[in-house]
Amino acid sequence: MRAVAGVWKKKGDDLKAKRNALFEKYARHPEEFHLALEIKKIDDEIAECTQHAEQERRSERSFSPAKKQLTPYK
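In this report, we go over the structure that sits alongside the text. Everything quoted here is computed from the prediction, not taken from an experiment.

Here the focus is the nonpolar core. Formed by Leu15, Leu22, Leu35, Ile39, Ile42, Ile46 and Cys49, the largest nonpolar core amounts to seven residues. When residues of this core are traced back to their parent elements, those giving at least two are helix H1 (2–28) and helix H2 (33–63). Considering every element that reaches this core, the biggest residue donor is H2, with five residues. With residues up to four places along the chain from it excluded, the contact list for Ile46 reads Gly12, Leu15, Lys16 and Arg19.

Bringing the environment of Gly12 into the picture now. By secondary structure assignment, the location of Gly12 is in helix H1. Put simply, Gly12 and Cys49 are 37 residues apart on the chain and 5.5 Å apart in space, counted from C-alpha to C-alpha. Sequence-distant contacts of Gly12, that is, excluding residues within four places in its chain, are made with Ile46 and Cys49.

Here we take up the side chain of Ser59. Structurally, Ser59 is set in helix H2. A distance of 3.0 Å separates a polar side-chain atom of Ser59 from the backbone oxygen of Glu56.

Inspection of the entire model under this criterion finds six salt bridges. Residue Asp13 pairs with Lys9 through a salt bridge whose shortest N-O separation is 3.1 Å. Here the residue Asp13 and the residue Lys9 both occupy positions in helix H1, the gap between them amounting to four residues, near one helical turn. When its relative accessible area of 46% is taken as the criterion, Lys9 is described as partly exposed. When the shortest N-O distance is used, the salt bridge between Asp43 and Arg19 registers 2.6 Å. A residue pair is termed long-range when its members are at least 10 positions apart, and Asp43 in helix H2 and Arg19 in helix H1 qualify at 24 residues. Asp43 sits in the partly exposed class, given a relative accessible area of 31%. Put simply, Glu54, Arg57 and Arg58 are held in one network by salt bridges that share partners.

Definitions and cut-offs
- Per-chain numbering applies: the sequence of each chain, read as written, is numbered from 1 onward.
- Where totals are concerned, whole chains, interfaces and linings use all residues; where local detail is concerned, this predicted model gives features only for residues with pLDDT of at least 70, and gives and counts side-chain atom pairs only at 80 or more.
- Side-chain metrics in this entry use all non-hydrogen atoms of the structure; hydrogen atoms and water are not considered.
- Think of a nonpolar core as a cluster: buried Ala, Val, Leu, Ile, Met, Phe, Trp, Tyr and Cys residues, connected wherever their side-chain atoms sit within 4.5 Å.
- The buried label goes to any residue with under 20% of its type's maximum accessible area, the exposed label to any with over 50%, and the partly exposed label to all in between, with areas taken from a 1.4 Å probe on protein chains only.
- Secondary structure elements are defined from DSSP: runs of H or I of at least 4 residues count as helices, runs of E of at least 2 residues count as strands, and each element is numbered from the N terminus.
- The contact definition used throughout considers only heavy atoms, calling two residues in contact when any of these lie within 4.5 Å.
- In protein, a polar contact requires one atom able to donate a hydrogen and another able to accept it; more generally it is a pair of N or O atoms within 3.5 Å, and residues adjacent in sequence count only if both atoms are side-chain atoms.
- By convention in these notes, a salt bridge is any Lys or Arg side-chain nitrogen within 4 Å of a carboxyl oxygen on Asp or Glu.

In short, shape yes, function no, at least from these values alone.
As structure tokens, then:
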């Protein structure tokens, strides 16, 4: 399961790099509204990746064997 969460994290990191590059361009040319829309779309995709990665981590924790305390028989 950990590999799946890693895939979502990698995708999110790639999207963040793309978003940051677009934001730098938008900061230099704020009149280009289409860049703001692209940034918004990428932000939404980043949020989805983050959510998927977190779900994978939670499911990984819930499926991992919990340490059980053994009680002695009386």
